[in-house]
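Architecture at a glance
Here are the chains, one letter per residue:
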Amino acid sequence: MSGCVFCGIVAGEVPAFRVADEPDGVAFLDTRPVFKGHVLVVPRTHLVTLTDLPTEALAGYFGLVQRLAVAVESGLGAGGTFVAMNNKVSQSVAHLHTHVVPRTRGDGLRGFFWPRTRYADDAEAEEHARRLAAALAPTRA
């Protein structure tokens, strides 16, 4: 897609520090990493959100993400990884991408990047669960 920096990276028109270039996706270092070795994984096709990724592409795309999570640990000596994706809100580039961030104990990253909350009571939690289950039901195959 014209003007999409990630499409430019996939096409080789925008320079990037590539980690993987495969049929299921391209992985490259984030230019503003949370920690050094922070990798972005993008599908080759311009898609904006996870819901745009065709079902048949899930295994290949997330297989690449999974392999990169292993590579970040073994290749960088990380103690683990933080794997995350934004859809629309806080999505800095409107092209589906998954972050694979190296983690070590004591690295200063605490929990999630946003404030946490609680349900008022079990009834409120049950109501949220019911609404989500109802919304999910029509999408089941």
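Higher on the page you've got the structure.
Fair warning: this is a prediction, and the values are worked out from it, not measured in the lab.

1. A look at the overall build of the chain
Assigned secondary structure in the chain consists of 3 helices and 5 strands. Starting at the N terminus, the α and β elements of the chain follow one another as α-β-β-β-α-β-β-α. The buried share of the chain, reckoned over its 141 residues, is 31%. Look at the contacts in the chain between residues 6 or more apart in sequence, and 52% of them connect residues 24 or more apart.

2. Notes on the pairing of strand β5 (residues 98-103)
The element β5 is extensively covered by neighbouring structure, given that 5 of its 6 residues are classed as buried. Relative to β5, strand β3 (residues 39-42) runs antiparallel, the two sharing 3 bridges. From the neighbouring strand, L40 faces β5, where its bridge partner is H99.

3. Some thoughts on the nonpolar core
One finds A27, V39, V41, Y61, L68 and V100 to be the most contacted residues of the largest nonpolar core, which totals 15 residues. At the level of elements, β3 and α2 (58-76) are the ones that each hand at least two residues to this core. With 6 residues, α2 is the single largest residue contributor to this core. With sequence-adjacent residues up to four places away left out, L68 is seen in contact with V19, A27, V39, V41 and V100. C4, F6, F28 and L40 belong to the second largest nonpolar core, which has 10 residues in total.

4. What about the side chain of Q91?
One can find Q91 in the loop between β4 (80-84) and β5. A relative accessible area of 12% means that Q91 is categorised as buried. A polar atom in the side chain of Q91 sits 2.6 Å from the backbone oxygen of V48. Excluding residues within four positions of it along the chain, Q91 makes contact with V48, T49, N86, L96 and H97.

5. Quick notes on the sheet that holds β5
Spatial strand order, β1-β2-β3-β5-β4: 5 strands in an open sheet with antiparallel pairing. Taken across any chain shown, the strands that pair with only one partner, and hence form the sheet edges, are β1 (18-22) and β4. Geometrically, the sheet is characterised by an average inter-axis angle of 15° between neighbouring strands, direction not taken into account. In this structure, β1 lies alongside strand β2 (residues 25-29), joined through 4 bridges in antiparallel fashion. Residue R18 lies in a different strand from β2, and its bridge partner there is F28. Along the sheet, α2 makes contact with β1, β2, β3, β4 and β5, crossing β5 at roughly 20°.

6. So, α2
Compared with the 27 Å implied by 1.5 Å per residue over 19 residues, the 26 Å span of α2 between its first and last C-alpha is a close match. Buried-residue contacts for α2 involve β1, β2, β3, β4 and β5.

Quick notes on the rules
- Every chain is numbered independently, its residues counted from 1 as its sequence is written.
- Residues qualify for local features only when their pLDDT is at least 70, as the model is predicted, and side-chain atom pairs are given and counted only at 80 or more; totals for whole chains, interfaces and linings, by contrast, use all residues.
- The basis for the side-chain values is all heavy atoms of the structure; hydrogens and waters are excluded.
- Numbering goes from the N terminus for both helices and strands, where a helix is a DSSP run of H or I of at least four residues and a strand is a run of E of at least two.
- The classification of residues rests on relative accessible area computed with a 1.4 Å probe and restricted to protein chains. Under 20% of the type maximum is buried, over 50% is exposed, and intermediate values are partly exposed.
- The contact criterion used throughout is that any non-hydrogen atoms of two residues lie within 4.5 Å.
- Note on pairing: DSSP must find at least two bridges between two strands before they are called paired.
- Within this scheme, the nonpolar core is defined by two criteria: the residues are buried Ala, Val, Leu, Ile, Met, Phe, Trp, Tyr or Cys, and they are joined through side-chain atoms within 4.5 Å.
- Counting of polar contacts relies on pairs of N or O atoms within 3.5 Å, with two restrictions inside protein: one atom must be capable of donating a hydrogen and the other of accepting it, and residues adjacent in sequence are counted only when both atoms are side-chain atoms.
- Each axis is a line fitted through C-alpha atoms, and for a helix only the stretch in contact is used; angles between axes span 0 to 180 degrees, taken between their N-to-C directions.
- What a helix is expected to span follows from its residue count: subtract one and scale by 1.5 Å.

In short, shape yes, function no, at least from these values alone.
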